[in-house]
Amino acid sequence: MFLALLVCGLVVALVVIGLFVFGLRRRLIQRAGGTFDCSLHWNVPDDPDPTGKGWVYGVARYSGDEIAWFRVFSYAPRPRRVLERSSIVALERRMPEGEEELALLSDAVIQPCMYEGVRLELAMSEDARTGFMAWLEAAPPGQRVNVA
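Residues numbered from 1 in each chain as written. Predicted model: local features only at pLDDT ≥ 70, side-chain atom pairs only at ≥ 80, totals over all residues. Heavy atoms only, no water.

The name an unreviewed UniProt entry gives the protein is DUF2550 domain-containing protein, with Streptomyces exfoliatus as the organism.

## Quick notes on the overall build of the protein
Counting secondary structure elements, the protein contains 3 helices and 8 strands. Shown N-terminal to C-terminal, the secondary structure of the protein runs as helices and strands in the order α-β-β-β-β-β-β-α-β-β-α. Computed over its C-alpha atoms, the radius of gyration of the protein comes to 19 Å, more than 25% above the 15 Å expected for a compact globule of 148 residues. When its C-alpha atoms are laid out on the principal axes, the protein stretches across 70 × 35 × 25 Å. Burial analysis of the protein (148 residues in total) assigns 34% to the buried set. Nonlocal contacts in the protein, meaning residues at least 24 apart in sequence, comprise 51% of its contacts between residues at least 6 apart. Considering the protein, the positive charge centre built from 16 side chains and the negative charge centre built from 18 side chains are found 10 Å apart. (Helix = DSSP H or I, 4+ residues; strand = E, 2+ residues; numbered from the N terminus. Rg over C-alpha atoms; globule rule 2.2 N^0.38 Å. Buried < 20%, exposed > 50% of the residue type's maximum accessible area, 1.4 Å probe, protein only. Contact = heavy atoms within 4.5 Å. Lys, Arg positive; Asp, Glu negative; His and termini not counted. Charge placed at Lys NZ, Arg CZ, Asp CG, Glu CD.)

## A few points about the packing of aromatic side chains
Taken as a whole and assessed by the stated rule, the structure comprises 4 aromatic pairs. Where Tyr62 meets Trp135, the ring centres are 5.4 Å apart and the plane angle is 45°; that geometry is what we call tilted. In this pair, Tyr62 is assigned in strand β3 (residues 58-63) and Trp135 in helix α3 (residues 126-137), connecting sequence segments 73 residues apart. Here a set of aromatic residues connected by ring pairs shows up, and it is made of Phe36, Tyr62, Phe132 and Trp135. (Phe/Tyr/Trp six-rings, centres within 6.5 Å; stacked < 30°, edge-to-face > 60°.)

## Looking at the environment of Asp127
For Asp127, the location among the structural elements is in helix α3. A C-alpha to C-alpha distance of 9.6 Å links Asp127 and Phe36, two positions 91 residues apart in sequence.

## Section: the pattern of salt bridges
According to the stated counting rule, one finds 6 salt bridges in the structure shown. For the salt bridge of Glu121 with Arg119, the shortest nitrogen-to-oxygen distance reads 3.7 Å. The exposure class of Arg119 is partly exposed, given its relative accessible area of 24%. Salt bridges sharing common partners tie together Arg94, Glu100, Arg119 and Glu121. (Salt bridge = Lys/Arg side-chain N within 4 Å of Asp/Glu carboxyl O.)

## Some details on the sheet that holds strand β8 (residues 118-125)
Pairing is antiparallel across the open sheet formed by 4 strands, whose spatial order is β2-β8-β7-β6. Looking along the sheet, the strands with just one partner apiece sit at the ends: β2 (39-42) and β6 (88-90). Going across the sheet, the axis of each strand differs from the next one's by a mean of 30°, ignoring polarity. By the bridge criterion, 3 bridges tie β6 to strand β7 (residues 108-115) in an arrangement that is antiparallel. Within β7, the position partnered with Val89 by the bridge is Met114. (Pairing = 2+ DSSP bridges. Axes fitted to C-alpha atoms, helices over the stretch in contact; angles between N-to-C directions.)

## With respect to the sheet that holds strand β5 (residues 81-84)
Strand order in the open sheet formed by 4 strands is β1-β3-β4-β5, and the pairing between neighbours is antiparallel. Every other strand in the sheet has two partners, leaving β1 (35-37) and β5 as the edge strands with one partner each. Along the sheet, successive strands turn relative to each other by an average axial angle of 20°, direction set aside. Bridging between β3 and strand β4 (residues 66-71) involves 6 bridges; their strand directions are antiparallel.

## Thoughts on the nonpolar core
Counting residues in hydrophobic clusters, the biggest one holds 19 residues, and the most contacted among them are Cys38, Ile88, Leu120, Leu122, Met124, Phe132 and Leu136. Looking at this core, the elements with two or more residues in it are β4, β6, β7, β8 and α3. With 5 residues, α3 is the single largest residue contributor to this core. In contact with Phe132, other than residues within four places in its own chain, are Tyr62, Ile67, Ile88, Gln111, Cys113, Leu122 and Met124. (Core = buried A, V, L, I, M, F, W, Y, C linked by side-chain atoms within 4.5 Å.)

Here is the structure:
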């Protein structure tokens, strides 16, 4: 009986510690500022998949001429993807279709992009998209603006 209570107590403690570490990691990512909720769909096929598969929920952070993208449900301290401003080409925005609406946040719009020959899509709020487009267009003098 004592052993069962001890095991249950350890499991509960591990779950609480795991949740605390998730919260602490997100707090540390957001501490630097310039963050926004952003789902990512990497290596999108030319024929879009209406099932909503492939989207990963995350947090993006502006960092100079780069955007660092972190998965939300991860313990990794480093970003999963780092996108350089000079290599991002923004395409025509679109709204979620079909089951994508269920896979994304309720107010999300989708910003398709090309990044070094890879097609990707970022899903974010309209306000975050406005900030993203302004950041893209605010490249330092001498750099080309990559908005299609």
